[in-house]
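Residue-level structure breakdown
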Amino acid sequence: MRLFGCRHVWGYWHDPRMLSGLDDVDWTRLCHMEGSATQVPAYIRMLRSEDSRMRADAREWLGSRMVHQDTIGEASAYATPFLLELLADEHCPDRAALLDLIITNSRPMDAPWPPGPVPVAYLRSQAEGGAALMAAKPTAAPGAYFAYLIALQVEDADRLQSFVELSAYDALRAGLPLVRTLLRSEDPALRERAAYALAHFPEEADLSLPPLSACLRPDSTGQELSTVIAAIGMLGGEIGRHWLLVDKPEVRFASAAALVHALGADAPDAAVRELLRLTACDQSSVREHRVFGTRIGLYACDVLRRWRPDLEDELFAAAMRGLAATPYPDCMGVLGNLAEIARTDRPSPPTPMGWAGYTARQQDLIKTLAELPGAWPPAPARFHSSTLRRWGLPADRDAMRALVPATLGVETLRTGLDTPAG
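Residues numbered from 1 in each chain as written. Predicted model: local features only at pLDDT ≥ 70, side-chain atom pairs only at ≥ 80, totals over all residues. Heavy atoms only, no water.

Re the overall build of the chain
Selection rule: Per the convention used, a helix needs a DSSP run of H or I reaching at least four residues, while a strand needs a run of E reaching at least two, with both numbered from the N terminus. Buried residues are those whose accessible area, probed at 1.4 Å on protein chains only, stays under 20% of the maximum for their type, while exposed residues exceed 50% and partly exposed ones sit between those limits. We call two residues contacting when some pair of their heavy atoms lies within 4.5 Å. All accessibility values rest on the Shrake-Rupley procedure with a 1.4 Å probe; residue burial counts only the protein chains present in the view.
Along the backbone of the chain there are 20 helices and six strands. Counting the 422 residues in the chain, one finds 53% classified as buried. In the chain, the proportion of contacts linking residues at least 24 apart, taken out of those at least 6 apart, comes to 67%. Element-wise, carbon and sulfur atoms account for 54% of the exposed surface of the chain, whose accessible area totals about 18,800 Å².

Printed below as a string of structure tokens:
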């Protein structure tokens, strides 16, 4: 008996017209990120189970095995067409969650985060020659793929992984006509996820922008409207400046981000001021407001860092105000953004780690952390931060204060923390 080919007490059901080619793929020869992909067909069929818990378990399994620690497995490109087939079925449950799974399985490791358009031209150049390397790989015996990957030269290993990621990306790109139709769905969550998916494909901008623009309805939820607006901006489309006045924080942010994405240095001052204001505010106060799943205050800083490098000094000062205003643990995201900005005037942490070896921005950040008791976890907990580790900095405040030369004093900050934001 085919376990997944009929309805039975475990709650599976299978329309014989659906997923008809799933068993034709030789999954034994494919690798997902934790071994052979032989179980993939069973879990794909579980996505049509009548049991909501089984569907959730299937999504979790596929999400954790097809992509592991942001690395896409070989089987993702083969699984995506079948996931898209399920997505096209109006009777398939949890379609918004299913589209989320598809996006996760197709998003290259080098895609920017917070989310931005995939640098697909770079990815395609990196993948050249990857098809031949894939054809030469051994069969998918346990561990064989990774042994093959490790044995390759670094350049060839990167080329092979880029080919895997590009294959998964192109598999979803082939389904974008379907995704665009979902913008007309009656389910607002599905419309929002469709807009999110389209934002990752700059090569499809001419086809995606018209249906996205048709979704700019003032009566939409803040989450859906902000996602649509941000997607339009990421794809280079035009956004009316009146959206900056909407009484929804995430919509105002998305509008400002879209204008800066699309116009760069020509973006209106009001958009820049909104992003600087969000960067400088207490991040715990905007914790619930997100676009593309990212807190708007942290995303605002990243938008300016990427698309307005000419404002780096203003952005650093605003982020320092945000750090001073934000208690632990919400300040951790601010610290990460500041670390990225502080590294721009020196490509790598200085060695040795004496005070004089740090740049002016890095010194300002260290002094600010030493001054702010609210930025640290309650004693005896220690500050777990990759930024501190990379820079060779101590993980407790007393040691941080001792690092600052006594002649400077931690109470004197050169970053203008007492000046108004934005």
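So, the confidence of the model for the chain
One rule of thumb: low pLDDT means the predicted coordinates there are not for detailed reading. Basically, it comes down to this: Every residue gets a pLDDT, meaning the predictor's confidence in that residue, from 0 to 100.
Looking at the chain, pLDDT values average 85 and 87% of them are 70 or higher. Note that residues 1–14 has pLDDT below 50 and, in this model, 25 contacts with residues that lie over four places away or in other chains.

Concerning helix H10 (residues 188–198)
Going by this rule: Under the rule applied, a polar contact is a pair of N or O atoms within 3.5 Å (in protein, one hydrogen donor and one hydrogen acceptor; residues adjacent in sequence only if both atoms are side-chain atoms).
With nine of its eleven residues buried, H10 lies for the most part within the structure. Along H10, the positions that sit buried rather than exposed are Leu190, Arg191, Glu192, Arg193, Ala194, Ala195, Tyr196, Ala197 and Leu198. On its buried face, H10 is in contact with helix H3 (76–88), helix H4 (95–106), helix H9 (176–181), helix H11 (205–213) and helix H12 (222–234). Where H10 begins, the capping side chain belongs to Asp187, and its oxygen is found 3.0 Å from the backbone nitrogen of Ala189.

Describing the packing of aromatic side chains
Two aromatic rings, taken as a pair, are described by how far apart their centres are and by the angle between their planes. To be explicit about the condition: Pairing of aromatic rings covers Phe, Tyr and Trp, the last through its six-membered ring, and needs centres within 6.5 Å; plane angles under 30 degrees mean stacked, over 60 mean edge-to-face, and all others mean tilted.
For the structure on display, the rule yields six aromatic pairs. Aromatic pair Tyr169 and Phe201: ring centres 4.5 Å apart, planes at 25°, arrangement stacked. With a gap of 32 residues between them, Tyr169 in helix H8 (residues 154–173) and Phe201 in the loop between H10 and H11 connect regions that are remote in the sequence. Under the relative-accessibility criterion, Tyr169 is labelled buried at 1%.

Considering the packing of helix H13 (residues 249–263) against helix H15 (residues 296–307)
What counts, and what does not: Only the stretch in contact is used when a helix axis is fitted, and all axes are lines through C-alpha atoms; the angle between N-to-C directions ranges over 0 to 180 degrees. In what follows, roughly perpendicular refers to angles from 65 to 115 degrees, roughly parallel to angles under 35, roughly antiparallel to angles over 145, and oblique to any angle outside these ranges.
At a minimum axis separation of 10 Å, H13 and H15 run at an interaxial angle of 10°. It follows that H13 is roughly parallel to H15 by the angle criterion. Touching Pro249, Glu250, Phe253, Ala257, Val260 and His261 of H13 are Ile296, Tyr299, Ala300, Val303 and Trp307, all from H15.

A short note on unusual backbone geometry
Residue Tyr328 is joined to Pro329 through a cis peptide bond whose omega torsion reads 5°. Secondary-structure assignment places Pro329 in the loop between helix H16 (312–325) and helix H17 (331–342). In this structure, Asp94 takes a positive phi of about 55° despite not being glycine. Examined against the element boundaries, Asp94 turns out to sit in the loop between H3 and H4. Relative accessible area serves as the criterion here: at 31%, Asp94 is assigned to the partly exposed category. You will see that Phe292, though not glycine, has its phi angle at about 55°, which is positive.

A look at the environment of His261
By the secondary structure assignment, His261 is in helix H13. Between the C-alpha atom of His261 and that of Gly116, which follows or precedes it by 145 residues, the distance is 9.4 Å. Residues within four places of His261 in sequence aside, it is in contact with Gly233, Met234, Tyr299, Val303 and Trp307.

Some thoughts on the environment of Ala136
With respect to the helices and strands, Ala136 occurs in the loop between helix H6 (130–135) and helix H7 (144–151). With twelve residues separating them along the chain, Ala136 and Tyr148 place their C-alpha atoms 9.4 Å apart.

Considering the nonpolar core
As a reminder of what qualifies: In this text, buried Ala, Val, Leu, Ile, Met, Phe, Trp, Tyr and Cys residues form a nonpolar core when linked through side-chain atoms within 4.5 Å.
Of all hydrophobic cores here, the largest spans 119 residues; its most connected members are Ile44 and Leu369. The biggest single contributor to this core is H13, with eight residues. Discounting residues that sit within four places of it in the chain, Ile44 has contacts with Leu19, Leu22, Leu62, Ala79, Phe82, Leu83 and Leu86. Ranked by size, the runner-up nonpolar core spans 13 residues in total, among them Val67, Met134, Leu160 and Val164.

Quick word on the environment of Ile103
Along the chain, Ile103 falls in helix H4. By relative accessible area, which is 5% here, Ile103 ends up buried. It is 8.8 Å that separates the C-alpha atoms of Ile103 and Tyr196, two residues lying 93 residues apart in sequence.

Digging into the side chain of Asp89
Structurally, Asp89 can be placed in the loop between H3 and H4. Accessibility expressed as a relative area gives 14% for Asp89, which makes it buried. Of the polar contacts made by the side chain of Asp89, one reaches the side chain of Arg48; its length is 2.7 Å. When residues no more than four places from it in sequence are discounted, the contact partners of Asp89 are Met18, Arg48 and Arg95.

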